[in-house]
Amino acid sequence: MVHITFYGGVAEIGGNKILVEDGRSRAFLDFGKSFGQEKLYFEEPFLSAREIEHLKVLRLIPHIEGIYEGDKEDYRLDGVLVSHPHMDHYDAARTLKKEYPIYSSEIARMVILAREWASSFNCLGNFGQLNKILGRTSRENMLTLSHGREAKIGDMSASVFPVDHSIPGAVGTIVETSSGNIAYTGDIRFHGGAAEDTERFVEEAARHDPEILITEGTHIDDFKVESEEEVRAKIADTLSRSSGLAVAGFSFGDTRRLRTFLSAAKENGRKLVIPLKQAFITRELHSVDPKSSIDIEDPDIGLFAREKKRLYEFEKCVLEDYPGKMLSKEDIREDQRSLLLLASLYDMNDIAKIGPGVGSIYIHSSSEPFEEEMEISYQKLHNWLDYLGMPLVQIHASGHANPFELKEMIRQISPKKVIPIHTKSPDLFRRLVSDLDVEVILPVKGSPIEF
Ligand SMILES: [Zn+2]
């Protein structure tokens, strides 16, 4: 008998934590941070969970004794299988006992570590640290899974296949248990630059004839039809019309979007100017997979540092390695027409000092606000842009599949049961696929599903 228990991602977007138990073997599919749940209590950085206990008492992490660092009880866990390096899928794993293996693709491991090296110490535990004497260190049990190759996880076995999503290193997972196979999509899309990867995962999942398909359903209730190629064309068109500085904001980890920006910038004779954190993560990632990122050595790439008194270790690394690539505020001010500068709301003090000229534009290349806090930040960004005299243009393609694609995927994989997660509308999902020959199970947080 196999049990699947959902401890997160139930009627919420993100925070996936799916426990699979087969006899004495246990594995988690993802162990993500529940941003939505944590926000109900915390307000970072002033009020945050500084101890694992803070998350435990509020039931923001699963109530399982013996699983967390510092717990006295024993608890067998054969591993956490991370589907992709978005924090809502892996970040809470920092609270787990360090002896548990954390599996991911090699690229995902590098994104997680690079991000960790480029941030400060975390009270809840670290996946790795960067320091002058020890260099780049990582948690011992961060193991990688090769695409398509089976790995033993206790008495179960797991294989992963690359899928397309808004961050590199994403995989779909197939777990073979004593009661049959489980296929798990992680987060997927069919319209990005690597859509053929997702198609191949769907074929593999179908070939494994799964009992259960656990699928994301982020955009089941609300979606747009846009591809990465359309995004590229729109950015290029916008750049060609702008006669001043072009500034763009997007999600840091989406290094494929970074490629899109570089390509559109080149087409318009503009240099892409990126912040140091982006440069650091990009370089680390480029060292393991040149295809999913850009090469900082490219002559059309420049670097820009936010003005501040003290530099982080990772910032010093980048500055030491690429001294000739740094652009000052003055350089940017004088050469606005030939630059595309990546910057977010948090860089607006520096943008104001640069002083964008007439014809400057801001490209907002991540999702439009869909909750209150995002609305507030979005309004702040607009206030800055009004002050700076820069219109905002929204150009984005999402990291998630649309309802038609999800339905077609379920039809092709043809599992006996399907469980929608990572969606705010599980019931809508159930109705959408009610004409398919598949049983839909809506999970209840913390209640095991048996098969
Ligand atoms: Zn994701």
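A.B. asks: Outline a nonpolar patch on the surface, supporting the account with residue identities and numerical values.
C.D. replies: Together, Phe223, Val225 and Phe404 give the surface a local cluster of nonpolar side chains, amounting to about 330 Å² of exposed area. Along the chain, Phe223 turns up in the loop between strand E13 (212-216) and helix H6 (228-241).

A.B. asks: Mind laying out the sheet that holds strand E10 (residues 156-162), listing which residues take part and the relevant values?
C.D. replies: Across the sheet, 7 strands lie side by side as E9-E10-E11-E12-E13-E20-E21; this open sheet has mixed pairing. If you trace the sheet from one side to the other, it starts and ends with strand E9 (151-153) and strand E21 (439-440), each paired once. Of the pairings in the sheet, the one linking strand E20 (residues 417-421) to E21 comprises 2 bridges and is parallel in character. Each bridged residue has a counterpart across the sheet, and for Lys417 the counterpart in E21 is Glu439. Packing of helix H13 (residues 403-413) onto the sheet brings it into contact with E13 and E20, and relative to E13 it is tilted by some 165°.

A.B. asks: Summarise the coordination of the zinc ion; cite the residues concerned and give the values.
C.D. replies: Put simply, a metal with four donors set out as a tetrahedron has ideal angles of 109.5 degrees, and one with six donors set out as an octahedron has ideal angles of 90 or 180 degrees. Around the zinc ion, the protein supplies His84 (NE2), His86 (ND1), His165 (NE2) and Asp187 (OD) as donor atoms, at distances of 2.2 to 2.3 Å. With 4 donor atoms in place around the zinc ion and angles of 87 to 173° between them, the coordination shape is irregular. Every donor residue of the zinc ion comes from the same chain, spaced as H-x1-H-x78-H-x21-D. Taken together, the positions of His84 in the loop between strand E4 (80-81) and helix H3 (87-90) and His165 in the loop between E10 and strand E11 (171-177) put the pair 81 residues apart, joining distant regions of the chain.

A.B. asks: Describe the pairing of strand E18 (residues 361-364), and please don't skip the residues or the numbers.
C.D. replies: Both faces of E18 are covered, namely the face carrying Ile361 and Ile363 and the face carrying Tyr362 and His364. Of the pairings in the sheet, the one linking strand E14 (residues 246-249) to E18 comprises 4 bridges and is parallel in character. What sits directly across from Val247, in E18, is Tyr362. Where E18 and strand E19 (residues 392-394) come together, 3 bridges link them in parallel fashion. In the strand pairing of E19, His364 is matched with Gln394. Once the chain exits E18 it traverses helix H12 (residues 372-388) before rejoining the sheet at E19, and the crossover so formed is right-handed.

A.B. asks: Mind laying out the packing of aromatic side chains, listing which residues take part and the relevant values?
C.D. replies: Taken as a whole, this structure holds 8 aromatic pairs when the rule is applied. Between Phe223 and Phe404, the ring centres sit 5.7 Å apart and the planes meet at 85°, which makes this aromatic pair edge-to-face. Taken together, the residues Phe223 in the loop between E13 and H6 and Phe404 in helix H13 connect sequence positions 181 residues apart. Of the residues examined, Phe223 reaches a relative accessible area of 31% and is grouped as partly exposed. An aromatic cluster of three or more residues is present, and its members are Tyr7, Phe28 and Phe31. Seen from the ring of Tyr75, Arg26 lies directly overhead, with NZ or CZ sitting 4.1 Å from the centre. Here the basic side chain of Arg136 rests over the ring of Trp117, its NZ or CZ set 5.6 Å away from the ring centre.

A.B. asks: Requested: an account of the domain arrangement of the protein, with residues and values cited.
C.D. replies: When its domains are assigned, the protein resolves into domain 1 (2-222 + 399-450) and domain 2 (228-394). On a C-alpha basis, the centres of domain 1 and domain 2 stand 30 Å from each other. Counting from both sides, the interface comprises 23 residues of domain 1 and, opposite them, 20 residues of domain 2. Between domain 1 and domain 2, roughly 1,900 Å² of surface is buried when both sides are summed, and carbon and sulfur atoms account for 58% of that area. One can count 2 salt bridges joining domain 1 with domain 2. For the salt bridge of Arg136 with Glu284, the shortest nitrogen-to-oxygen distance reads 2.7 Å. Connecting domain 1 to domain 2 are 3 residue pairs in polar contact (both at pLDDT 80 or more). Contributions of two or more residues to the side of domain 1 that touches domain 2 are made by helix H4 (106-117) and strand E6 (128-131). Looking at the side of domain 1 that touches domain 2 residue by residue, the classes come out as 10 nonpolar, 6 polar and 7 charged.

A.B. asks: I'd like a description of the pattern of salt bridges, backed by residues and values.
C.D. replies: Taken as a whole and judged by the stated rule, the model has 35 salt bridges. Its salt-bridge partner being Asp298, residue Lys266 comes within 3.0 Å of it at the nearest N-O pair. Of this pair, Lys266 sits in helix H7 (residues 255-267) while Asp298 sits in the loop between helix H8 (276-288) and strand E16 (301-304), placing them 32 residues apart in sequence. Lys407 serves as the salt-bridge partner of Asp435, at 2.8 Å between the closest nitrogen and oxygen. Taken together, the residues span a long stretch of sequence, with Asp435 in the loop between helix H14 (426-432) and E21 and Lys407 in helix H13 at a distance of 28 residues. A residue is classified by how much of its surface remains accessible, and Asp435, at 59% relative accessible area, is exposed. According to the relative accessible area criterion, Lys407 is partly exposed, its value standing at 22%.

Calculation notes
- Residues numbered from 1 in each chain as written.
- Predicted model: local features only at pLDDT ≥ 70, side-chain atom pairs only at ≥ 80, totals over all residues.
- Heavy atoms only, no water.
- Patch = residues over 30% accessible without salt bridge, like charges linked within 9 Å, V, L, I, M, F, W, Y side chains within 5 Å.
- Areas by Shrake-Rupley, 256 points an atom, 1.4 Å probe, with all protein chains shown as cover.
- Salt bridge = Lys/Arg side-chain N within 4 Å of Asp/Glu carboxyl O.
- Helix = DSSP H or I, 4+ residues; strand = E, 2+ residues; numbered from the N terminus.
- Pairing = 2+ DSSP bridges.
- Contact = heavy atoms within 4.5 Å.
- Axes fitted to C-alpha atoms, helices over the stretch in contact; angles between N-to-C directions.
- Donors = N, O, S within 2.8 Å, 3.2 Å for Na, K, Ca; no water.
- Tetrahedral: all angles 85-135°; square planar, octahedral: opposite > 155°, others 65-115°.
- Buried < 20%, exposed > 50% of the residue type's maximum accessible area, 1.4 Å probe, protein only.
- Right-handed = clockwise from strand over helix to strand, strands pointing away.
- Phe/Tyr/Trp six-rings, centres within 6.5 Å; stacked < 30°, edge-to-face > 60°.
- Lys NZ or Arg CZ within 6 Å of the ring centre and 35° of its normal.
- Domains from an automatic or database assignment.
- Buried area = accessible area lost by both parts, 1.4 Å probe.
- Polar contact = N/O pair within 3.5 Å; in protein donor to acceptor, adjacent residues only side chain to side chain.
- Nonpolar A, V, L, I, M, F, W, Y, C, P; charged D, E, K, R; others polar.

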